[in-house]
Number of protein chains: 2
Amino acid sequence: MPDTPADQDSEPTPAHGISRRGLLGLAGAGVVGAGVGAAVDRFALPHDSLATSGASASYPFYGEHQAGITTAAQDRLHFASYDVADISRADLIGLLKDWTAAAARMTQGREVGPDGAVGGALDAPPDDTGEALDLPASGLTITFGFGPTLFRTADGRDRFGLAAKRPEALIDLPHFAGDALQDEFVGGDLCIQACSDDPQVAVHAIRNLSRIAFGRASIRWSQLGFGRTSSTSRSQVTPRNLFGFKDGTANVKSEDATVVDEHVWVPSGDSAPWMTGGSYLVARKIRMTIETWDRASLREQERIFGRDKGEGAPLSGGSEFTEPNFSAQKHGEPAIDPHSHVRLAHPTNNGGAVILRRGYNFVEGNDDLGRLNAGLFFLAFQRDPRTQFVRIQDALSRNDAMNEYTRHIGSAIFAVPPGVERGSYVGATLFT
Amino acid sequence: MPDTPADQDSEPTPAHGISRRGLLGLAGAGVVGAGVGAAVDRFALPHDSLATSGASASYPFYGEHQAGITTAAQDRLHFASYDVADISRADLIGLLKDWTAAAARMTQGREVGPDGAVGGALDAPPDDTGEALDLPASGLTITFGFGPTLFRTADGRDRFGLAAKRPEALIDLPHFAGDALQDEFVGGDLCIQACSDDPQVAVHAIRNLSRIAFGRASIRWSQLGFGRTSSTSRSQVTPRNLFGFKDGTANVKSEDATVVDEHVWVPSGDSAPWMTGGSYLVARKIRMTIETWDRASLREQERIFGRDKGEGAPLSGGSEFTEPNFSAQKHGEPAIDPHSHVRLAHPTNNGGAVILRRGYNFVEGNDDLGRLNAGLFFLAFQRDPRTQFVRIQDALSRNDAMNEYTRHIGSAIFAVPPGVERGSYVGATLFT
């Protein structure tokens, strides 16, 4: 279905069907803002901070790192975790090659295959499902990850001959205090994170990648989300989560190259050399009991966060970006509660650990009592989950005053391989 | 919580807290595009067609008709159906008054109550849940409806003294061929449709209106959706549904005043005079089996729609907006299949019946087999469902070739009362 890797970044010839850009009449010049990301060398400039959050933004697919990590967080998410079927190692590689070709096209606003939704034979199913035909790239990024079970033996057999390649950092996440995990939102052999400024574009990506995987991998669980948690760029306003508080004030920002290098990317010399330039993703589905939260007083809400609700300033004073002062006192008490979220999550409380958060809000109907099924789909990238997410979550899970209003119901961890070289495929370093 | 009706459209004084516009620094001049809708008299111009789909678009709340019907369809939906508790008629009226006050504020980009998320007493729960604090009105419309059960007797008692006021047109929808309704997506005493160009703004509206209803009404079922079905204005590009086809080419457009007057609004002289200027809403949750659809050939897909997939032109020829010619032949066969969707849904097949469709796509995770829970949340407004939706759906349910790929799993009908006069409340004509 998808064409060969060599063809991935060129516009398809008319004989091969119609590109989305072509259909939109965008193939020529004169489109303000189009391709800003694409025109910039990924390594020459911190392109992730260019934001270009317009619908016509597009990000390069190929590069040293996968996109969708330090990329300025888009507004919408469709995330899917996959189980791989009982296939051969060669078939798994084939799937990754097909996914690579499709992702390279779709992130540039093109249809998934060369024939597209309407350019193929009338008597065959179309290459592309078509719902994004008239839509531009919309900042789409597609990020792939490998779960611990991909490296595991099954029935005494090393599933894909990868057991020896499992990175030490790709741990099985420990049980945290208060975890209320539901099997249907846990784990997975592979994952795909599709982020876009248009939900239809993100949905189109996951749908078509799932279709390509038919018979080789199937969705285990999936999650849609909308923006407003965790800005990842200084160019973005700090968004609010469903507790109504600003979220991500102290998040890693893509502009801080040193911080990103030190805390997000796996360095060369790692014990799993194939992961150099990659990262580790932890996903947690966190249900918020918002109706209960909404009955808490403003004072209680601010005490729990350790910040004020309007501005997001630490309760020790200042404005949003003022560093919290955990020794400040008010009326003889700590100005910032020792069990507040800001204190427990702060690097000074966790041996300097920081993570790049990239979560999304979700609302999924309601329960039998009419309460909204709402919460935060937490996504965090880091160099080593053992010293980063696990350390922070261990502190939070035991003492965070916010736990009264949250419940972790889903959990997964993935090794996110480095970016793809042109002509290669995602995860190639794992299979060589 | 909400302030008095007289205060609803003025900016709150500083003593009453902070408006969203105020927090954004938008209260002054110089905001390009802000308030375009608000500045236009609803009756002087077809303001619905101004579109102004920017984040800062706002639509008037008060007027002859409720907004959110002929308003150019926004990109995002949060819809909720409510059960009313065992409360008095006076309490029901109180709820509608509170909802009116809150909706009048939120649609103008203001917080739900005068104190807002951060302007009230520290030891009280905030008026507003806060997640939309930094966001503009984002084209928010809030549309209220009354279900048949509101007019019903319960335990031999006329619940709210409304039984005699039930409009004849507010029927209990009949069973249609193939209906696979699930109780959890059926019916409701009241409904609220919140549409916005920002999902967080729509979610904020439903959440806060549900919170106001606490103890009086609770969510029975709810639905989120994203755009791309059924444009309702000539200013909008025809969007695509999850079958990848353009949807809404022949929809009622708000610019066609005569068509809207004849088919959407209840005229004066109706047998239910309180509904004059109102409309009837039919909601259907339609699951699409998209994985099966994606395996159908392009020819089959186009035969089922009766249109081509790329352009949306009828298979009898022409371009998207060409009228279909149902007697045209190709190779000795009808060019448009008699069982195609376009033919069965066409006014000529249904005694001239047309409806104003305003549906949304949805994707809600996946089933146990990894198939996406996806589909169309169909919403249609009309003067009389008996001669409009029921007539069309009867034809479709029995013969539409598309039925092989769809399943109706939710259904509800609501009387949508006329617009609200300043100083009054939604549905006031029903209670006088």
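Quick notes on the rules
- Residues numbered from 1 in each chain as written.
- Chains lettered and ligands numbered in written order.
- Predicted model: local features only at pLDDT ≥ 70, side-chain atom pairs only at ≥ 80, totals over all residues.
- Helix = DSSP H or I, 4+ residues; strand = E, 2+ residues; numbered from the N terminus.
- Buried ≥ 20, exposed ≤ 12 C-beta atoms within 10 Å, placed from the backbone.
- Contact = placed C-beta atoms within 7 Å.
- Arc of directions from axis to C-beta.
- Pairing = 2+ DSSP bridges.
- Least-squares fit on C-alpha atoms with pLDDT ≥ 70 in both.
- Nonpolar A, V, L, I, M, F, W, Y, C, P; charged D, E, K, R; others polar.
- Axes fitted to C-alpha atoms, helices over the stretch in contact; angles between N-to-C directions.
- Parallel < 35°, antiparallel > 145°, perpendicular 65-115°, else oblique.
- Left-handed = near helix turned anticlockwise from the far one by under 90°.

Draft legend 1. View of the overall build of chain A. For chain A, the helix and strand inventory stands at nine helices and 13 strands. Going through the 432 residues of chain A one by one, you find that 56% of them count as buried. Of the contacts made within chain A by residues no fewer than 6 positions apart, 72% connect residues no fewer than 24 positions apart.

Draft legend 2. Focus on helix H9 (residues 389–399) of chain B. Buried residues of H9(B): B:Phe389, B:Val390, B:Ile392, B:Gln393 and B:Leu396, and no others. Here the buried residues of H9(B) occupy an arc of 160° about the axis, which is enough to place them on one side.

Draft legend 3. Inspection of the pairing of strand E13 (residues 406–416) of chain B at higher detail. Residues and elements named next belong to chain B. Counted residue by residue, E13 has nine buried out of eleven residues, so it is predominantly covered. The sheet contact formed by strand E7 (residues 279–288) and E13 spans ten bridges and is antiparallel. From the neighbouring strand, Ala283 faces E13, where its bridge partner is Ala412.

Draft legend 4. Expanded view of the relation of the copies chain A and chain B. With an axial shift of 0.0 Å and an RMSD of 0.0 Å, the rotation relating chain A to chain B amounts to 180°. These values place the two chain copies in the arrangement generated by a two-fold rotation axis. If distances are taken from each C-alpha of chain A to the rotation axis, the shortest is found for A:Glu364, at 3.7 Å. Comparing interface residues between copies, 100% of those in chain A also sit at the interface in chain B, which points to an isologous, same-surface contact.

Draft legend 5. Highlighting the interface of chain A and chain B. Between chain A and chain B, the contact holds 48 residues from the first and 48 residues from the second. At the level of elements, helix H4 (199–212), strand E6 (217–226), helix H7 (298–305) and strand E11 (360–366) of chain A are the ones that each hand at least two residues to the side of chain A that touches chain B. Its residues assigned to classes, the side of chain A that touches chain B comprises 21 nonpolar, 14 polar and 13 charged.

Draft legend 6. Summary view of the environment of A:Phe378. Residues and elements named next belong to chain A. Structurally, Phe378 can be placed in strand E12 (residues 372–382). Under the C-beta neighbour-count criterion, Phe378 is labelled buried, with 23 such atoms within 10 Å. In this structure the C-alpha to C-alpha distance between Phe378 and Ile286, which are 92 residues apart in sequence, comes to 7.0 Å.

Draft legend 7. How the structure looks around unusual backbone geometry. Residues and elements named next belong to chain A. At Ser138, a residue that is not glycine, the phi angle is positive and equals roughly 55°. With respect to the helices and strands, the residue Ser138 is situated in the loop between helix H3 (89–106) and strand E2 (141–146). For Ser138, a count of 26 C-beta atoms within 10 Å corresponds to the buried category.

Draft legend 8. Representation of the packing of H3(A) against H4(A) in the model. Residue and element names in this part refer to chain A. Taken N-terminus to C-terminus, the directions of H3 and H4 make an angle of 155°; their axes are 10 Å apart at the nearest point. Here H3 is positioned roughly antiparallel relative to H4, judged by the angle of their axes. For the crossing formed where H3 meets H4, the hand is right-handed. For the pair H3 and H4, contact is made by Asp98, Trp99, Ala102 and Met106 and by Ala205, Asn208, Leu209 and Ile212, respectively. Taken together, the residues that form the contact of H3 with H4 break down as six nonpolar, one polar and one charged.

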